[in-house]
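Results of the structural survey
Here are the chains, one letter per residue:
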Amino acid sequence: MVILVTGGSKSGKSKIAEELLSGIGRKIYLATMEPFGEEAKSAISRHRKLREGKGFETIERSRDIRGSDIPNGTEGILVECLSTLCANEIFSSNEKASVEKIVSCIKLLKEKTKRLVIVTSSVDRDGIEYTAEVENYIRVLCEVNSRVAELSDVVIEAVCGIPVMLKGAVL
């Protein structure tokens, strides 16, 4: 089962995603954020505290998650987060390869686990004009999000910490 959890900044996405894997045996937290700057370091620290004692094995991989050493048959995988992975990939390679690369990596992870939970962000709703580079990132992330939502069994939007079902149902 593939579950995509989306939402705005600080909407409760991570908490919802982690709860979707509670009670599952071996589970891996695939962390994609690079610790650049104080805000990133603070977010990484906050997420580590959130998952303390929840039984996650953490693998840090900021690009090319295909190269993550995740064994087949892992009960649960949480990818945190697709929007960060997309930014890491986009700003280090060409955009089309990044979309295809990310989607193919998600498909590969899907084959390795019973439950794949993916966190992503909604970044295209604010109406603010950005530089061409940022506009390109937003466009590519929207394409990645759409493609991953299409292959997902369940899509949930986090709104003020409340999970709103957009597609499917969690069993």
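Our subject is the structure that appears above.
What counts and how
- Residues numbered from 1 in each chain as written.
- Predicted model: local features only at pLDDT ≥ 70, side-chain atom pairs only at ≥ 80, totals over all residues.
- Heavy atoms only, no water.
- Salt bridge = Lys/Arg side-chain N within 4 Å of Asp/Glu carboxyl O.
- Helix = DSSP H or I, 4+ residues; strand = E, 2+ residues; numbered from the N terminus.
- Buried < 20%, exposed > 50% of the residue type's maximum accessible area, 1.4 Å probe, protein only.
- Pairing = 2+ DSSP bridges.
- Axes fitted to C-alpha atoms, helices over the stretch in contact; angles between N-to-C directions.
- Core = buried A, V, L, I, M, F, W, Y, C linked by side-chain atoms within 4.5 Å.
- Contact = heavy atoms within 4.5 Å.
- Phe/Tyr/Trp six-rings, centres within 6.5 Å; stacked < 30°, edge-to-face > 60°.
- Lys NZ or Arg CZ within 6 Å of the ring centre and 35° of its normal.

1. Examining the pattern of salt bridges
Once their charged atoms are close, side chains differing in charge can pair, the charge on each being opposite to the other. Summed over all chains, the structure comprises seven salt bridges. Here E34 ties to R63 by a salt bridge, and the two come within 2.4 Å at their closest N and O atoms. Here R63 lies in the loop between strand 3 (56–60) and strand 4 (74–80) and E34 lies in the loop between strand 2 (27–31) and helix 2 (37–51), a separation of 29 residues in the sequence. Residue classification places R63 among the partly exposed positions, given a relative accessible area of 34%. Close ionic contact of E89 with K101 constitutes a salt bridge, the shortest N to O distance being 3.0 Å. A residue pair is termed long-range when its members are at least 10 positions apart, and E89 in helix 3 (residues 82–90) and K101 in helix 4 (residues 95–112) qualify at twelve residues. By relative accessible area, which is 2% here, E89 ends up buried.

2. Brief notes about the sheet that holds strand 2
Taken in spatial order, the seven strands of this open sheet run 3-2-4-5-1-6-7, and their pairing is mixed. Each edge of the sheet is formed by a strand with only one pairing partner; in this case those strands are strand 3 and strand 7 (162–167). Between one strand and the next, the sheet's axes are offset by a mean angle of 20°, whatever the strand orientation. In this sheet, strand 6 (residues 154–159) lies alongside strand 1 (residues 2–7) in parallel orientation, the contact comprising five bridges. From the neighbouring strand, V5 faces strand 6, where its bridge partner is I156.

3. Description of the nonpolar core
Of all hydrophobic cores here, the largest spans 31 residues; its most connected members are L82, C86, I106, L109, L116, I118 and V144. Elements that contribute at least two residues to this core include exactly strand 1, strand 2, strand 4, helix 3, helix 4, strand 5 (113–119) and helix 5 (132–151). The leading source of residues in this core is helix 5, at eight residues. In contact with L116, other than residues within four places in its own chain, are M1, V2, I3, I77, V79, I106, L109 and K110. Counting 16 residues, the second largest nonpolar core, distinct from the first, contains V5, Y29, A31 and A158.

4. Comments concerning the packing of aromatic side chains
Tallied over the entire structure, the rule returns two aromatic pairs. Seen in terms of ring centroids, Y29 and F56 are 5.7 Å apart; in terms of plane orientation they differ by 80°. Their pairing is edge-to-face. Of the two residues, Y29 is situated in strand 2 and F56 in strand 3; the sequence distance between them amounts to 27 residues. The pair Y29 / F56 is uniform in exposure class, with both members buried. Between the NZ or CZ atom of K27 and the centre of the ring of F56, over which it lies, the distance is 5.0 Å.

5. Digging into the environment of T84
Position of T84 relative to the elements: it lies in helix 3. Overall, the relative accessible area of 18% leaves T84 in the buried class. Separated by 51 residues in sequence, T84 and M33 place their C-alpha atoms 6.1 Å apart. Among residues more than four places away in sequence, those in contact with T84 are T32 and M33.

Taken by themselves, the reported measurements are silent on function.
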